[in-house]
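Chains, contacts and geometry: an overview
Listed below, chain by chain, are the residues.
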Amino acid sequence: MWIADQWKDYEVIDCSKGEKLERWGNYILVRPDPQVIWDTPRKDPRWKRKNGHYHRSKKGGGEWEFFDLPGEWQIHYKDLTFNLKPFSFKHTGLFPEQAANWDWFSEKIRLAGRPIKVLNLFAYTGGATLAAAAAGASVTHVDASKGMVNWAKENAISSGLADKPIRWLVDDCVKFVEREIRRGNHYDAIIMDPPSYGRGPKGEIWKIEDAIHPLIRLCTKILSDQPLFFLVNSYTTGLAPAVLTYMIGTELKRFHGHVESQEIGLPVTSSGLVTPLRRLRTLGSIAHVGTPV
């Protein structure tokens, strides 16, 4: 497992009975997590002194209950700054576990010794985009949601990266890749974080079980001759790690890279254990891909 353990402004304090107790900067949130199936005593007093609590509904979805939580605030990861706000389905606009990925590919970009072009698909609020840009890459950021792209731009400004070579695009990711193939454009690295289910800006339906393999195959056509890495994240529990590993390994085998599947997680302060979150798949064609430094 690759652990995102370099945070100062974020912390999983405790987790029990289907929920996590988290510190986001100066604020304490309680949010549901379906993987927290254990029932341990909630001894930390902050379970009762939270600033926000997302209650999941048995009918699906849920709603926030606030206790002196601002509408927006910031947290920092190393030199990056993120603007947070609670919005639908428990999210705050950031997935802290992804810092394990940011550190891993940032080092690869810095050590590449050449200009690196990165394509970030399903790019959300830009955590990976900012990390790659800060490491020296030029980045194309693609997401179907105009609101998410605008949020990512705000994060870039807050991080002092507004003048970095970042292209911000509101577009359907599959159609964008198809156009890049026709245009003959290529990238040295590809990052994607596809949802289990979603819709494009014109109502295009995305279902990961049906769409992920065709998209990986399309993306191989826009990789440069010496790609640095190919990274796919997935929350989807129905896709076993070996499935995506096999797809990436077969579609990118001509690059003679190394493919590895891992979970990434966050340390839990109260127990000293790690809660697993997303699975990681990577390919590195320049050097062996191992655990992040």
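Structure: see above.
Scope of this entry: the structure provided in the associated data block.

This structure, assessed with the given rule, holds 14 aromatic pairs. Ring geometry for Trp7 against Tyr77: centres 4.6 Å apart, planes inclined by 55°, an arrangement best described as tilted. In this pair, Trp7 sits in the loop between strand 1 (2-3) and strand 2 (10-16) while Tyr77 sits in strand 7 (residues 73-77), placing the two residues 70 residues apart along the sequence. Judged by its relative accessible area of 10%, Trp7 is buried. The exposure class of Tyr77 is buried, given its relative accessible area of 3%. What links up through ring pairs into an aromatic cluster is the set Trp7, Tyr10, Trp24, Tyr77, Phe82 and Trp102. Taking the ring centre of Trp47 as reference, the NZ or CZ of Arg42 above it sits at 3.9 Å. The ring of Tyr187 has Lys117 lying over it, and the distance from NZ or CZ to the ring centre is 5.0 Å.

Across soluble globular proteins, you tend to see nonpolar side chains buried next to one another. In terms of nonpolar packing, the biggest core is built from 46 residues, with Trp7, Trp102, Phe105, Ile109, Val118 and Phe229 touching the most fellow members. Going through the elements one at a time, strand 2, strand 7, strand 8 (80-84), helix 1 (99-110), helix 2 (127-134), strand 12 (189-192), strand 15 (229-234) and strand 16 (258-267) are the ones with two or more residues in this core. With 6 residues, the top contributor of residues to this core is helix 1. Formed by 28 residues, the second largest nonpolar core is a distinct cluster that contains Leu119, Trp206, Cys219 and Leu244.

With that settled, the discussion passes to unusual backbone geometry. For Lys17, which is not glycine, the phi dihedral falls at a positive 55°. Backbone geometry places His256, a non-glycine residue, at a positive phi of 55°. Among the structural elements, His256 can be located in the loop between helix 6 (241-251) and strand 16.

What counts as what
Numbering of residues begins from 1 in every chain and follows the order in which that chain's sequence is written. Local features are withheld for residues below a pLDDT of 70 in this predicted model, meaning they are given only at 70 or higher, and side-chain atom pairs are given and counted only at 80 or more; totals for whole chains, interfaces and linings count all residues. Calculation of side-chain values draws on the structure's entire complement of heavy atoms; hydrogens and water are dropped beforehand. Centre distance within 6.5 Å is the pairing criterion for rings of Phe, Tyr and Trp, where only the six-membered ring of Trp is used; planes under 30 degrees apart are then read as stacked, over 60 as edge-to-face, and the remainder as tilted. Strands here mean DSSP runs of E at least two residues long; helices mean DSSP runs of H or I at least four residues long; both are numbered from the N terminus. Accessibility here uses a 1.4 Å probe with only protein chains present; expressed as a share of the type maximum, an area under 20% marks a residue as buried, one over 50% as exposed, and anything in between as partly exposed. Criterion for a charge above a ring: Arg CZ or Lys NZ at most 6 Å from the ring centre, at most 35 degrees from the ring normal. By nonpolar core is meant a set of buried Ala, Val, Leu, Ile, Met, Phe, Trp, Tyr and Cys residues that side-chain atoms within 4.5 Å join together.

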